[in-house]
Amino acid sequence: MSSSNSPINTNQTTSTTFTKQSVTSSAITRMKELLYGREFRAWLEAITGITELNDEVDMSAARYVDGSTLLCHDDELEGRRIAYILYLVPKDWDAANDGGTLDLFSVGADLQPYQIVESFAPHWNSFMFFEVNPISYHQVSEVITATKERLSISGWFHGPPIARPPPFEEAAAVYSPPLPFASLSTLELPLPAPPPFVAEEEEHAAAPDAEPSLAELLALPDADWQWLVNIFGEDTARVLRGWISPLYLQEANAEGIQTSFVEESSIELNDFLRVDRFSDLMGSIDEQQWVYTGPVNRRHYQRLLIADAEGTTKDCRSFLVSNEFAQYLRFVTKLDIASFTDLMRCFRPGTYTLVHDQPVIDEQALDVVYCCATNDIDVACGGQLIYMDEENELISVPARANSLALTYRDPGTMRFVKYLNHHCGDIRYDFAVVWKEQPSEGGGEADEHQQQQQQQPELHHTGGGGRQQQQ
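In this text the structure is predicted, and so the values were computed from the model without any measurement. (Residues numbered from 1 in each chain as written. Predicted model: local features only at pLDDT ≥ 70, side-chain atom pairs only at ≥ 80, totals over all residues. Heavy atoms only, no water.)

Engineer: Describe the overall build of the chain, and please don't skip the residues or the numbers.
Structural biologist: In terms of regular secondary structure, the chain is built from eleven helices and 20 strands. Per-residue burial for the chain yields a buried fraction of 51% across its 471 residues. Summed over its atoms, the accessible surface of the chain is roughly 21,500 Å², and 50% of this surface lies on carbon and sulfur atoms. (Helix = DSSP H or I, 4+ residues; strand = E, 2+ residues; numbered from the N terminus. Buried < 20%, exposed > 50% of the residue type's maximum accessible area, 1.4 Å probe, protein only. Areas by Shrake-Rupley, 256 points an atom, 1.4 Å probe, with all protein chains shown as cover.)

So this is what it looks like as structure tokens:
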């Protein structure tokens, strides 16, 4: 099914679409003449009460294979009045085992879709049609069979346009300045001093093949600890040591991150949190009160409200929006970030966001997304965070366990989390924070970063182990 008003999201384009111009079949030609002939249009007008349908041809064919889906949309474009689908699925198609239903949604007081109210299974040689109007939200559910294909011919009948309500606008995100970690956390402070550094030649002296101890995994060389204290002060250094892997607190590595980020505008830091913090987080996060959020033509995932967060999940969020972590981000990005807005999200199979999930911002912003997937998720299963402009995919950040992605977004850059299909056996949890910079007053580190950015292409790739993902 082809529609320029369908959700802009590669999640639904795993189907293959053929327009009428790409085929020369006499059978297709005869079908086109039948459907758009005066007699058939008169029959539709009599049944639907929708009059003045014209002979404009708007028809295509679609092929849905295992994992294909078409996410929620309304089909509304100027002049479209009736949508139709002619199903050419195998005669033994079983929606319970094969998927591919046509789902219709109810709308809330805001005229946006939230709940499926009816589902129609595709059947061989059946003809489905419905009115196109401002609330005709529908989707094609995921095909979940590898042995059958969901084939259909679909299109629209056109007529005089109808009035539409004003575009739906959600409340703008609220940005807040970061607060000291102590004022947000349930942890007892001050945090203990870092464990002593274990010299490399002393490691595993008693048992060369033994796994490193927690103390060894958290060890930070004295010189790097002193550097951390000199840069951030001891109180902030202790908070950072309490959460971040020592690998990213070493002077050479932190400066390397800074250099890479300024050059590339994005970087992915794997195994970012301390191993003990990450273990505690994964033991806590699934126990939270996750609630589905919509509307589904913008997003469909589970969200955790700040007031409902508990335990290590609450503490992790508190750390990621704290003044102490903001200081670390300012160092590694050379951006003078000043205020943030954030979400805690859970993506299971069947969930996603679309590019219009959040309003497109008209200024540069720093995205800080900490992903704590239950395992690294194969990109074939979805779940990756994708950035794009109006035409092209720019970067793709896979869903990994314990990974921090920093991305400096240009104005107008869009993003979405790709639909997780039924092959995914894992869950993507993430803490998604957007930081805005302090308004510049004639210079500073932010201007220096932007000047260096002007010598670089726009967002193209991810450093630190990220990888490109083709559409």
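There is more to say after this.
Engineer: Account for the pattern of salt bridges, with residues named and values stated.
Structural biologist: The final tally for this structure, using the stated rule, is 20 salt bridges. Beyond isolated ion pairs, a larger network of salt bridges with shared partners links Glu-170, Arg-298, Arg-299 and Asp-357. (Salt bridge = Lys/Arg side-chain N within 4 Å of Asp/Glu carboxyl O.)

Engineer: Which residues make up the packing of aromatic side chains, and what values do they have?
Structural biologist: Enumeration over the complete set of coordinates arrives at 24 aromatic pairs. Between the aromatic rings of Tyr-248 and Phe-272, the centroid separation amounts to 5.6 Å while the plane-to-plane angle is 35 degrees, which identifies the pairing as tilted. Taken as a pair, Tyr-248 in the loop between α6 (234–241) and α7 (251–264) and Phe-272 in the loop between β10 (266–270) and α8 (275–285) lie far apart in primary sequence, 24 residues in all. On the accessibility criterion, Tyr-248 (9% relative accessible area) is buried. Through a chain of ring-to-ring contacts, the aromatic side chains of Tyr-36, Phe-40, Trp-43, Tyr-84, Phe-127, Phe-129 and Phe-157 assemble into a single cluster. Seen from the ring of Trp-156, Arg-80 lies directly overhead, with NZ or CZ sitting 3.5 Å from the centre. Above the face of the Tyr-301 ring, Arg-345 is positioned so that its terminal group lies 5.8 Å from the ring centre. (Phe/Tyr/Trp six-rings, centres within 6.5 Å; stacked < 30°, edge-to-face > 60°. Lys NZ or Arg CZ within 6 Å of the ring centre and 35° of its normal.)

Engineer: Talk me through the nonpolar core; I want residue IDs and the actual numbers.
Structural biologist: Formed by 55 residues in total, the largest nonpolar core has its most connected members in Phe-272, Phe-325, Tyr-328 and Tyr-370. Counting residues per element, this core draws most heavily on helix α10 (residues 323–333), which supplies six residues. What Tyr-370 contacts, discounting residues up to four positions off in sequence, is Phe-272, Leu-273, Phe-278, Leu-281, Cys-316, Leu-320, Asn-402, Ser-403, Leu-404, Tyr-429, Asp-430 and Phe-431. Counting residues in hydrophobic clusters, the runner-up holds 18 residues, among them Cys-371, Ala-373, Ile-377 and Val-417. (Core = buried A, V, L, I, M, F, W, Y, C linked by side-chain atoms within 4.5 Å. Contact = heavy atoms within 4.5 Å.)

Engineer: Help me get a handle on the sheet that holds strand β19 (residues 414–417), residues and values and all.
Structural biologist: Reading across the sheet, the three strands line up as β17-β16-β19 and stay open at both edges, with antiparallel pairing between neighbours. Strands with a single pairing partner mark the edges of an open sheet, and in this sheet they are β17 (393–397) and β19. With strand direction ignored, the average angle separating the axes of adjacent strands in the sheet is 20 degrees. Relative to β19, strand β16 (residues 385–388) runs antiparallel, the two sharing four bridges. Note that in β19 the partner of Met-388 across the bridge is Met-414. (Pairing = 2+ DSSP bridges. Axes fitted to C-alpha atoms, helices over the stretch in contact; angles between N-to-C directions.)

Engineer: Describe the pairing of strand β15 (residues 365–371), and please don't skip the residues or the numbers.
Structural biologist: Burial analysis of β15 places seven of its seven residues in the buried class, which makes it a mostly covered element. Side chains of β15 alternate between two faces, with Ala-365, Asp-367, Val-369 and Cys-371 and Leu-366, Val-368 and Tyr-370 buried alike. Where β15 and strand β18 (residues 403–409) come together, seven bridges link them in antiparallel fashion. Bridged to Cys-371 within β18 is Ser-403. In this sheet, strand β20 (residues 428–437) lies alongside β15 in antiparallel orientation, the contact comprising six bridges. The residue bridging Val-368 from the neighbouring strand is Val-433, located in β20.

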